[in-house]
Every structure is written in C-alpha cells, then in structure tokens.
Amino acid sequence: MQRQVALIKQSLFDQGYLDEQFMELEELQDDANPNFVEEVATLYFKDSARLINNIDQALERGSFDFNRLDSYMHQFKGSSTSIGASKVKTECTMFREYCRAGNAEGCLRTFKQLKKEHATLRKKLEQYFQASKR
C-alpha cells in the first residue's frame, strides 16, 4: 500500500501538478499532527473556491476591472504557491499577465484552464490522501 501511495505522489510531481513546496509541507507533518498536509490542502481548496467564485462573478459582469481581477489572482497565486500547486500557479501567473496587458480574452481563456487544472489537482490530491489513509 505504501508503494501505491508513493507512486501516486510521484505521478503528481512527474505530471507537474506539484512542486517542492508540497514536500516541505509534508516535512512539517508529524505524529502530533498526522493530517497536517491534508488539512492545509482542505483550507486551500476552500479558500480557492471562494476566489474562483469571486473571479467568476467579476468576469460575468462583462466590464473587466483588471485591477480587481489581478488582486484576486494575486491571492490565488499566493495560496497555490504555499501548497506547491505548480500548474495552478502557472495559470495564475499567465492570468495576471493578461490583466496587466488589459487582455480580456486572454483572461477568460486562462481562467478556464486554471479551473480545469484546479479541479484536476483537487481530484488527484483526494485520491492521494485516501490512499495514504489505508
């Protein structure tokens, strides 16, 4: 079972979903707090769902407030960086670049990809955490 958990984790790195920051989080986990990483990930997904909703609402208005969108994405990028969500962080960076350029189409396209990467990471981490409990 440990081998399966290790393979799942390695695939997350090999596929670029996670970076070394995730490993640093795991190093903080110990017997006193055996679910530390899962708890941090849960908080990340709760907070990022709020940010996704805020960005969705801002984009649906049609009038693009690039400063506000950039601010939301700055928060999203920070939290993604803190858990090692590499692909999500990359999409956040691209979105922010499109905001600075005033490129609404680029923002929409990148946000769609960001939501896809975010959902995939969530599913893969849930599988990882489930496997590690067995």
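- As recorded in an unreviewed UniProt entry, the chain goes by Histidine-containing phosphotransfer protein and comes from Eruca vesicaria subsp. sativa.

1. Focus on the UniProt feature "domain: HPt" (unreviewed entry) in the chain
- According to UniProt, the feature "domain: HPt" (unreviewed entry) maps to residues 33-128 in the numbering used here.
- Strand forms 0% of residues 33-128 and helix 88%; the C-alpha atoms that close the span are 18 Å apart.

2. Observations regarding the UniProt feature "modified residue: Phosphohistidine" (unreviewed entry) in the chain
- Listed under "modified residue: Phosphohistidine" (unreviewed entry) in the UniProt record, and renumbered for this structure, are His 74.
- Relative to the elements of secondary structure, His 74 occurs in helix H4 (residues 66-83).

3. Quick notes on the pattern of salt bridges
- Applying the stated criterion to the full structure yields 7 salt bridges.
- Notably, a salt bridge pairs Asp 56 with Lys 115, separated by 3.1 Å at the nearest N-O pair. Of the two residues, Asp 56 is situated in helix H3 (residues 36-60) and Lys 115 in helix H6 (residues 104-133); the sequence distance between them amounts to 59 residues.
- Residue classification places Asp 56 among the partly exposed positions, given a relative accessible area of 21%.
- Look at Lys 115 and you get partly exposed, because its relative accessible area is 31%.

4. Here we look at the side chain of Ser 79
- As for its placement among the helices and strands, Ser 79 is situated in helix H4.
- A distance of 3.1 Å separates a polar atom in the side chain of Ser 79 from the backbone oxygen of Phe 76.
- Ser 79 has contacts with Tyr 44 and Asp 47, leaving out every residue within four places of it along the chain.

Procedures and definitions
- Residues numbered from 1 in each chain as written.
- Predicted model: local features only at pLDDT ≥ 70, side-chain atom pairs only at ≥ 80, totals over all residues.
- Heavy atoms only, no water.
- UniProt positions renumbered as here; feature names shortened; annotations may be inferred.
- Helix = DSSP H or I, 4+ residues; strand = E, 2+ residues; numbered from the N terminus.
- Salt bridge = Lys/Arg side-chain N within 4 Å of Asp/Glu carboxyl O.
- Buried < 20%, exposed > 50% of the residue type's maximum accessible area, 1.4 Å probe, protein only.
- Polar contact = N/O pair within 3.5 Å; in protein donor to acceptor, adjacent residues only side chain to side chain.
- Contact = heavy atoms within 4.5 Å.

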